[in-house]
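A structural walkthrough
Residues per chain, in single letters:
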Amino acid sequence: MQLVDPSLWRNAGLTNPEQYIDRFLRIEPMPVLGTARGNLEIAAACTGFVNLHELRDLLFRYAEFKTGEQVGLTLPTPKNRVETIAMSEQQVGLYETLREKIEELSGKRGSSILGALSQMSLVAIHPGLYRDTATDETKITYRAALNDLSIDPHSPKFDACVRRIRKTMDAAVSCPTNPALRDPSVGTADHVRGASSCGHIIFCEPVAAHAWLKRVLMEAGVADARIATINAETAKGGEERTQLARAFNGDPDEGIEPQYDVVIANQVAYEGVDLQTRTCEIHHIDLPWEPATLQQRNGRGWRQGNCFPIITLNYYIAARSADGPRFAMIDGKAHWMGELLSSANRETNNPAMSLTGDRSAQLAMLSANPEEAERKLEAMKTAARAEAI
């Protein structure tokens with residue numbers, strides 16, 4: 001908007017970010033999880049959004065927003081499924097090491113806190129992704145991870161994801177609009193693995209994780225030839241990625257069966273890779289930071305042309321990690337954007353900052369000390385009820 005009309009914000013009386021926050025955000029002290037320590041803390045948080053009618057007026061001067069449904073696109077109904085998974089003892093130990101490192105670095109100039117926070121996200125995926133950045137900053141390549149059989153490919157998230165995929169494959173789900181893609185009279189496990197019309201997309205950023213996920217899938221009985229990976233190492237150019245997408249989709253009109261049942265991908269597949277024809281489930285091993293990127297991920301399969309009426313979006317959240325707060329933050333941003341674009345409300349609450357049931361339970365569960373967190377939350381609720389009387 002600043003590029004379209006450089007005077008827009010100035011004419012609205014907004015000349016710096018602080019004024020924007022004061023005009024449109026409601027800031028209040030709220031219980032939050034400390035990213036480093038994982039303990040419940042009181043901090044300034046965005047609990048809602050105000051004066052949305054003013055912001056809409058500015059935004060809609062230059063833009064028009066419509067959903068797929070509003071322009072007549074036929075889309076599958078998304079079904080969110082969140083699975084919270086306990087980390088392994090090794091992961092918990094590494095997570096605590098990183099928490100202690102962040103506490104030690106807090107307040108020091110030039111400290112690498114962001115690097116430690118990034119490591120926490122990686123550890124929640126698989127302990128093999130951990131690197132002591134003080135001595136080793138190298139990243140494990142896809143080929144190295146695939147060939148190094150000394151590393152156990154399993155992690156709680158990987159195992160949960162593969163169990164879900166295996167369950168769907170064993171159920172022999174067929175595409176409602178083209179059941180010919182799978183012959184239900186053939187009931188062998190090999191046929192389910194080889195020609196299931198229900199396709200799965202797994203998103204995870206580190207390429208080493210792609211190799212380990214592939215090994216776990218193969219151990220679960222998914223044939224190597226039925227698994228595709230799309231990252232900068234395995235599919236370097238747009239043409240290669242397009243070919244992999246076509247092989248995953250098949251061509252129902254031409255009677256061409258799909259070549260792959262599972263695609264493991266990262267950010268190189270966010271745009272220009274259409275995987276929607278037979279995707280029944282999308283799996284998020286890790287999470288981005290903003291709704292737009294998550295929408296790009298889900299948009300690979302949740303779009304017009306999908307043969308399923310419902311698509312399941314799976315989110316794997318490591319208990320007592322930063323996954324939960326990040327997921328809540330994404331949900332809060334998406335809710336606010338929806339209220340801004342599609343409602344006439346002047347104010348809206350931020351659901352990620354609610355103290356009601358679901359969030360309270362989540363805060364306690366994700367805290368490094370759940371019992372203490374529950375006591376603090378109950379005390380806060382009691383105080384809030386007393387103030388309301």
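Scroll up to find the structure.
Structure report, in brief. (Residues numbered from 1 in each chain as written. Predicted model: local features only at pLDDT ≥ 70, side-chain atom pairs only at ≥ 80, totals over all residues. Heavy atoms only, no water.)

Applying the stated criterion across every chain yields a total of one disulfide. Bridging C198 to C280, the disulfide has an S-S length of 1.6 Å. On the sign convention where negative means left-handed, the S-S torsion of about 45 degrees between C198 and C280 marks this disulfide as right-handed. One end of the pair, C198, is in the loop between helix 8 (189-195) and strand 4 (199-203); the other, C280, is in strand 7 (residues 279-284), and 82 residues separate them in sequence. Free cysteine C161: the closest other cysteine sulfur is in C204, separated by 9.2 Å. When its relative accessible area of 0% is taken as the criterion, C161 is described as buried. A relative accessible area of 0% means that C204 is categorised as buried. (Disulfide = S-S within 2.5 Å. Helix = DSSP H or I, 4+ residues; strand = E, 2+ residues; numbered from the N terminus. Buried < 20%, exposed > 50% of the residue type's maximum accessible area, 1.4 Å probe, protein only.)

This part takes up unusual backbone geometry. Residue N51 is not a glycine yet carries a positive backbone phi of 55 degrees. Relative to the elements of secondary structure, N51 occurs in the loop between strand 2 (40-49) and helix 3 (52-59). A positive phi is found at R320, a non-glycine position, where the angle reads about 55 degrees. Owing to a relative accessible area of 40%, R320 belongs among the partly exposed residues under this scheme.

Here the focus is the sheet that holds strand 5 (residues 227-230). Strand order in the open sheet formed by six strands is 3-8-7-4-6-5, and the pairing between neighbours is parallel. Across the chains shown, the open sheet's two edge strands, defined by having one partner strand only, are strand 3 (77-85) and strand 5. If you compare each strand with its neighbour and ignore which way they point, the axes differ by 20 degrees on average. Pairing geometry for strand 3 and strand 8 (residues 310-318), over nine bridges, is parallel. Bridging across to strand 8, N80 finds its partner in L313. Contacts from helix 7 (residues 156-170) reach strand 3, strand 4, strand 6 (262-265), strand 7 and strand 8, with the element oriented near 160 degrees to strand 8. (Pairing = 2+ DSSP bridges. Axes fitted to C-alpha atoms, helices over the stretch in contact; angles between N-to-C directions. Contact = heavy atoms within 4.5 Å.)

Moving on: the pairing of strand 4. Here strand 4 lies mainly inside the structure; five of its five residues are buried. Side chains G199, I201 and F203 project from strand 4 onto one buried face, and the interleaved H200 and I202 project onto a second face that is buried too. Note: strand 4 against strand 7, five bridges, orientation parallel. Bridge pairing in strand 7 links I201 to I282. Here strand 4 pairs with strand 6 via four bridges, running parallel. From the neighbouring strand, I202 faces strand 6, where its bridge partner is I264.

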